[in-house]
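# Commentary on secondary and tertiary structure
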Amino acid sequence: MTDDSRPARPVLLGQNQYGKAENRVVKITRDGATHHIKDLNVSVALSGDMDEVHHSGSNANVLPTDTTKNTVYAFAKEHGIESAEQFGIHLARHFVTSQEPIRTARIRIEEYSWERIETSDADSTSIGADEVKHSFVRKGQETRVTQITYDGSSWEVVSGLKDLVVMNTTNSEFWGYVKDKYTTLPEAYDRILATQVSARWRFNWSDDEQKMPHWEKSYEQTRKHMLQAFAETYSLSLQQTLYQMGSRIIDNRSEIDEVRFSLPNKHHFLVDLEPFGLKNDNEVYFAADRPYGLIEATVLRDGCEAKIPVDLTHL
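What counts as what
- For every chain, the first residue of the written sequence is number 1, and numbering continues from 1 onward in sequence order.
- Totals for whole chains, interfaces and linings use all residues, but because this is a predicted model, local features are given only for residues with pLDDT of at least 70 and pairs of side-chain atoms are given and counted only at 80 or more.
- Water and hydrogen atoms were dropped before computing side-chain values, which therefore reflect all heavy atoms in the structure.
- Burial classes follow relative accessibility: with a 1.4 Å probe on protein chains only, a residue under 20% of its type's maximum area counts as buried, one over 50% as exposed, and anything between as partly exposed.
- Secondary structure is summarised from DSSP: a helix means a run of H or I of at least four residues, a strand means a run of E of at least two, and numbering begins at the N terminus for each.
- Only strands joined by at least two bridges in the DSSP assignment are considered to pair.
- Grid points spaced at 1 Å over the protein atoms alone were grouped into cavities, where a 1.4 Å probe fits but cannot get out, and pockets, open sets with protein on both sides within 12 Å along at least five of seven lines, with lining residues defined by an atom within 4 Å of a point.
- Grid points are joined across faces, edges and corners, and a volume is the space filled by probe spheres set on the points.
- Charged residues are taken to be Asp, Glu, Lys and Arg, nonpolar residues to be Ala, Val, Leu, Ile, Met, Phe, Trp, Tyr, Cys and Pro, and polar residues to be all remaining types, Gly included.
- What a helix is expected to span follows from its residue count: subtract one and scale by 1.5 Å.
- Residues are treated as being in contact if the distance between any of their heavy atoms lies within 4.5 Å.
- The term polar contact refers here to a pair of N or O atoms within 3.5 Å; inside protein, the definition further demands a hydrogen-donor-capable atom paired with an acceptor-capable atom, and it admits residues adjacent in sequence only when both atoms are side-chain atoms.
- Every axis corresponds to a line fitted to the C-alpha atoms, with the helix fit spanning only the stretch in contact, and the corresponding angles, defined between N-to-C directions, vary from 0 to 180 degrees.

Time to look at the pairing of strand β8 (residues 193–203). In terms of burial, β8 is a largely internal element, 10 of the 11 residues being buried. One ladder, built from 9 bridges, connects strand β7 (residues 155–168) with β8; its direction is antiparallel. Bridge assignment links Gly160 to a residue of β8, and that residue is Arg200. Relative to strand β9 (residues 256–265), β8 runs antiparallel, the two sharing 7 bridges. Paired with Ala199 across the bridge in β9 is Phe261.

Laid out in structure tokens, this is it:
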């Protein structure tokens, strides 16, 4: 039997948001015969005065998610897509300033890169090889990402990349580690170091009064410094390499205060060829896809607070 005299426990609505996820938009800019591509996957999340729609189902404060989708495509035409960051800033500002119930807009964007197909020097029977400026091949190296959050007064921009696979075939060692009765891994004094980089970096631009970074240049330079650090570090551990990659970015890009990496160690094990009477002099490896060591860390500018989430899965 229930005790009706007990006071009912209050039920409260917690954090909530809504929007249209994964709007695929491709913008072609035609500069005469030369075309340019911006290929984005845009997700919109809005939050604010949404208690009533949860409590009673009233949609009086709800901008339909279909409208947010339409806005993405209309803005691609009206504003163009200079960069993923700039496009996200346009969208976030629009939703917060045009809809009174909306307090915060979060725009997440993945950008897929394309490069021009190099054509032959031979004469073409159709349009001429030197005239082809509209053919592209999808780059398979990485996906560029950004997340823009705006609350009507301040901005947070976190950009980065994922699925960037890199490898050093030497200049990497791993030895001197803790050993117990379950340790079977031999020490390595010349090994392959490979990883699939997932990285996010947070900009210190947060106010419209500040000078806005040059988003495209910043991405290109940040990626360059990251890769150069990976290539130029004689690595005794993947952690050491990670720290050097983050430090190189912080030291060279004043617009960035924080970098977080998630680096799965893509293990390459020497194959035992002795049963076949062959010596394997660091030449033939077995590439194991799983299990893998997962190395993660944040690198910060001195005096700055870490704000990038520890789990990058949904960022």
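More follows now that the structure is in view.
Moving on: the layout of surface pockets. One number sums up the size of the largest pocket: a volume of about 800 Å³. As for the largest pocket, its lining consists of 38 residues, of which Lys162, Arg200, Leu312, Thr313 and Leu315 are closest to the centre. Secondary structure elements with two or more residues in the lining of the largest pocket: β2 (34–48), β3 (102–112), β6 (143–150), β7, β8, β9 and β12 (293–300). By volume, the second largest pocket amounts to about 570 Å³. As for the second largest pocket, its lining consists of 21 residues, of which Leu185, Pro186, Ala188, Arg191 and His268 are closest to the centre. Breaking the lining of the second largest pocket down by element, the ones donating at least two residues are α5 (238–252), β10 (268–270) and β12. With 3 residues, the top contributor of residues to the lining of the second largest pocket is β10. In terms of residue class, the lining of the second largest pocket is built from 11 nonpolar, 7 polar and 3 charged.

Okay, helix α3 (residues 84–98) next. Here α3 is 15 residues long and its end C-alpha atoms lie 21 Å apart, about the 21 Å a rise of 1.5 Å per residue gives. Every buried residue belonging to α3 is among Ala84, Glu85, Gln86, Phe87, Gly88, Ile89, Leu91, Ala92, Phe95 and Val96, and all of these are buried. The elements touched by buried residues of α3 are β2, α2 (65–78), β3, β6, β7 and α4 (215–232).

This paragraph deals with the side chain of Thr233. By the secondary structure assignment, Thr233 is in the loop between α4 and α5. Looking at Thr233, its side chain comes within polar contact range of the main-chain oxygen of Ala229, at 2.6 Å. Setting aside chain neighbours within four positions, we find Thr233 in contact with Asn171, Gln240, Thr241 and Gln244.

What links the strands of a sheet is backbone hydrogen bonding, and the strands pair in either a parallel or an antiparallel sense. Ordered by their spatial adjacency, 8 strands build an open sheet running β1-β2-β3-β6-β7-β8-β9-β12, and the pairing between neighbours is antiparallel. Here the strands that pair on one side only, and so sit at the sheet edges, are β1 (23–31) and β12. Neighbouring strand axes in the sheet, compared pairwise and without regard to direction, differ in orientation by 20° on average. The pairing of β6 with β7 spans 8 bridges and is classified as antiparallel. Within β7, the residue paired with Thr146 across the bridge is Ser159. Docked against the sheet, α2 engages β1 and β2, running at close to 10° with respect to β1.

In short, geometric facts, not functional conclusions.
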